[in-house]
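# Summary of the model geometry
Letter by letter, the chains look like this.
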Amino acid sequence: EHGATISANDAEGIRRGIFAFEDMLLSADGPFLACGSWQRRPWLKTRISRCFFSPVKRWPVNTDELLDDVNYYPDEYLNRLAHEGINGLWLVVALRELSETSFTPRDPQADRRVAKLRQTIRQCARYGIKVYLFCIEPFSVLADDPLPAAHPELFGATVGGRRLFCPSSPATRQYLQELTCGVFRQAPD
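Let me sum up the structure you'll find in this document. Small disclaimer: the values here were computed from a predicted structure and weren't measured.

The rules behind each value
- Residues numbered from 1 in each chain as written.
- Predicted model: local features only at pLDDT ≥ 70, side-chain atom pairs only at ≥ 80, totals over all residues.
- Heavy atoms only, no water.
- Pairing = 2+ DSSP bridges.
- Helix = DSSP H or I, 4+ residues; strand = E, 2+ residues; numbered from the N terminus.
- 1 Å grid on protein atoms, 1.4 Å probe; cavity = no way out; pocket = protein on both sides within 12 Å on 5 of 7 lines; lining within 4 Å.
- Points joined across faces, edges and corners; volume = space filled by probe spheres on them.
- Disulfide = S-S within 2.5 Å.
- Phe/Tyr/Trp six-rings, centres within 6.5 Å; stacked < 30°, edge-to-face > 60°.
- Buried < 20%, exposed > 50% of the residue type's maximum accessible area, 1.4 Å probe, protein only.

### Considerations on the sheet that holds strand E4 (residues 141-142)
Strand order across the open sheet formed by three strands is E4-E6-E5, with antiparallel pairing between neighbours. Each having just a single partner strand, E4 and strand E5 (155-159) make up the two edges of the open sheet. Where E5 meets strand E6 (residues 162-165), three bridges bridge the pair, whose relative direction is antiparallel. Across the sheet, the residue bridging to Thr158 is Arg163, located in E6.

### Overview of the layout of surface pockets
In this structure, the largest pocket encloses a volume near 1400 Å³. Taken together, 40 residues form the lining of the largest pocket, with Gly13, Arg16, Gly17, Ala20 and Arg40 sitting closest to its centre. When contributions to the lining of the largest pocket are tallied by element, the ones reaching two or more residues are helix H1 (11-27) and helix H2 (75-83). Looking at the lining of the largest pocket, the element that brings in the most residues is H1, giving ten residues.

### Some thoughts on the state of the cysteines
Per the stated rule, a full pass over the model turns up zero disulfides. Free cysteine: Cys181, not disulfide-bonded; nearest cysteine sulfur from Cys135 at 13 Å.

### A look at the packing of aromatic side chains
Aromatic ring pairs: the centre-centre distance and the angle between the two ring planes describe each pair. This structure, assessed with the given rule, holds five aromatic pairs. Taking 6.5 Å as the distance between ring centres and 70 degrees as the angle between the ring planes, the aromatic pair formed by Tyr72 and Tyr73 counts as edge-to-face. Accessibility expressed as a relative area gives 11% for Tyr72, which makes it buried. According to the relative accessible area criterion, Tyr73 is buried, its value standing at 2%. Centre to centre, the rings of Trp90 and Phe134 are 4.8 Å apart; their planes meet at 85 degrees, and the pair counts as edge-to-face.

It is worth stressing that arrangement in space is one thing and function is another; only the former is reported here.
Here's what the structure looks like:
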């Protein structure tokens, strides 16, 4: 009757406890709660969502959310996600557009993309939401892409006018490792 205590094993548990307490207060019939003890356990520890409002980086829209000035994750939206127990956000990216390798130069728009990725990571982190990159790497490339001509050791078959990366090639594994390490070096969170 004189206070409330929220305890948990980690910051995520405290965050979820605060949100649950806040929701209980909002749903009460007045500015009070009955005395008691409540215990909650998430049945799903990591709950990842894809933003309903962000563009899709494939046909028919094919818009890169890291290149425009739109904030697809306003504070009100992130607060609602956090209250719903969502602690992960899924962004569609192409690693090749974020990081250079010993096989490829840096994309001219990489700095802009990485800056927005970092900003999105910081904004989401305030709500306990981590950013997960959805990428299909190595992605096939058009037959006229300069990468197959410069590094044929990365590629295998051609299907439907697209060159497919060869997953058993040591060079392809090196390429993927360099791409991935480059992205996490630039956006470590």
